[in-house]
Amino acid sequence: GLIKCHFMQGDWSECQHAIGELLDIQLTKNKAFEWLACIAFEENNYERAEQWLNNIKVSELTLQATRLKTLTLQMQERIEDAIALLERKRQSALSVREHRDELTFELADCHIKYAALANADKRKENLYKARCLIGNAGRHAGDRQAHQRRDYMLSLANVLEGDISRAKRLLESEW
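Residues numbered from 1 in each chain as written. Predicted model: local features only at pLDDT ≥ 70, side-chain atom pairs only at ≥ 80, totals over all residues. Heavy atoms only, no water.

Caption draft 1: Focus on the environment of histidine 99. Of note, histidine 99 is situated in helix α7 (residues 97–117). Sequence spacing of histidine 99 and lysine 89 is 10 residues, and the spatial spacing of their C-alpha atoms is 9.3 Å. (Helix = DSSP H or I, 4+ residues; strand = E, 2+ residues; numbered from the N terminus.)

Caption draft 2: Local environment of the packing of helix α3 (residues 29–42) against helix α5 (residues 63–75). Orientation of α3 relative to α5, taken along the N-to-C sense of each, is 35°, at an axis distance of 11 Å. Where α3 crosses over α5, the handedness of that crossing is left-handed. Touching Glu34, Ala37, Cys38 and Phe41 of α3 are Gln64, Ala65, Leu68, Leu71, Thr72 and Met75, all from α5. The class makeup of the residues in the contact of α3 with α5 is seven nonpolar, two polar and one charged. (Axes fitted to C-alpha atoms, helices over the stretch in contact; angles between N-to-C directions. Left-handed = near helix turned anticlockwise from the far one by under 90°. Contact = heavy atoms within 4.5 Å. Nonpolar A, V, L, I, M, F, W, Y, C, P; charged D, E, K, R; others polar.)

Caption draft 3: A look at the side chain of glutamate 34. Checked against the element boundaries, glutamate 34 lands in helix α3. Judged by its relative accessible area of 7%, glutamate 34 falls in the buried class. Contacts of glutamate 34, omitting those with residues within four sequence positions, involve Leu53, Ile56, Thr62, Gln64, Ala65 and Leu68. (Buried < 20%, exposed > 50% of the residue type's maximum accessible area, 1.4 Å probe, protein only.)

Caption draft 4: Structural context of the nonpolar core. Ranked by internal contacts, the top residues of the largest apolar core, which has 46 residues, are Ile19 and Ile134. Ignoring sequence-local partners within four residues, the contact set of isoleucine 19 consists of Ile3, Ala32, Trp35, Leu36 and Ile39. (Core = buried A, V, L, I, M, F, W, Y, C linked by side-chain atoms within 4.5 Å.)

Caption draft 5: Here's a closer look at the side chain of threonine 104. Inspection of the secondary structure assignment puts threonine 104 in helix α7. Among the residues examined, threonine 104 registers a relative accessible area of 0% and is labelled buried. Setting aside residues up to four positions removed in sequence, threonine 104 forms contacts with Arg90, Leu133, Asn136 and Ala137.

Caption draft 6: Representation of a nonpolar patch on the surface within the structure. A cluster of nonpolar side chains, Leu156, Val159 and Ile164, forms an exposed patch at the surface whose accessible area comes to about 230 Å². A residue is classified by how much of its surface remains accessible, and valine 159, at 41% relative accessible area, is partly exposed. (Patch = residues over 30% accessible without salt bridge, like charges linked within 9 Å, V, L, I, M, F, W, Y side chains within 5 Å. Areas by Shrake-Rupley, 256 points an atom, 1.4 Å probe, with all protein chains shown as cover. Salt bridge = Lys/Arg side-chain N within 4 Å of Asp/Glu carboxyl O.)

Caption draft 7: Local environment of helix α4 (residues 46–53). All of the buried residues along α4 are Tyr46, Ala49, Glu50, Trp52 and Leu53. Buried residues of α4 fall within an arc of 160° about the axis and therefore sit on the same side. Those residues of α4 that are buried are in contact with α3 and α5. (Arc of directions from axis to C-beta.)

Caption draft 8: Structural detail: the packing of helix α1 (residues 2–9) against helix α2 (residues 12–22). One can describe the packing of α1 onto α2 by two numbers: an axis separation of 8 Å at closest approach and a directional angle of 155°. Judged by the inter-axis angle, α1 sits roughly antiparallel to α2. When the axes of α1 and α2 are compared, the crossing they make is left-handed. Along its contact with α1, which presents Ile3, His6 and Phe7, the element α2 presents Trp12, Glu14, Cys15, Ala18, Ile19 and Leu22. The residue makeup of the contact of α1 with α2, split by class, is seven nonpolar, one polar and one charged. (Parallel < 35°, antiparallel > 145°, perpendicular 65-115°, else oblique.)

Right, dumping it as structure tokens:
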């Protein structure tokens, strides 16, 4: 709690000092690395944030740490690495549907971002992958928020393809 308070106040030095004590305890080590990466990310030091997260085995990354690592990779314009990480984590989360669906949405989002930066051929391929992933994650989603997320992501994909009318239809849903 104290670490979170220091973090929310932007008191990075106190936060880092408190986290430093957690690095010596095996039970809290990964969470400490995650917090240190959060601090580095807030300071726009994405390379350092990635270094902190690299201390955690990929199989032990939490959903939040996975998101943070993909964001740090994206901020360093390494979207392919972010996609590869999300694909690995998604494969390892096949037994937990909620985690798999969340990672699937994150992976689709990376493909959409990659498509926005790519040439026409690569854009088409990435938008196709994103649509498949969105359909996969959205198929199992039962809550309103997941349906809304699905529709917004599909709308963005349609906008990138130039199909504005289809995007508008998706956004006219009740949510």
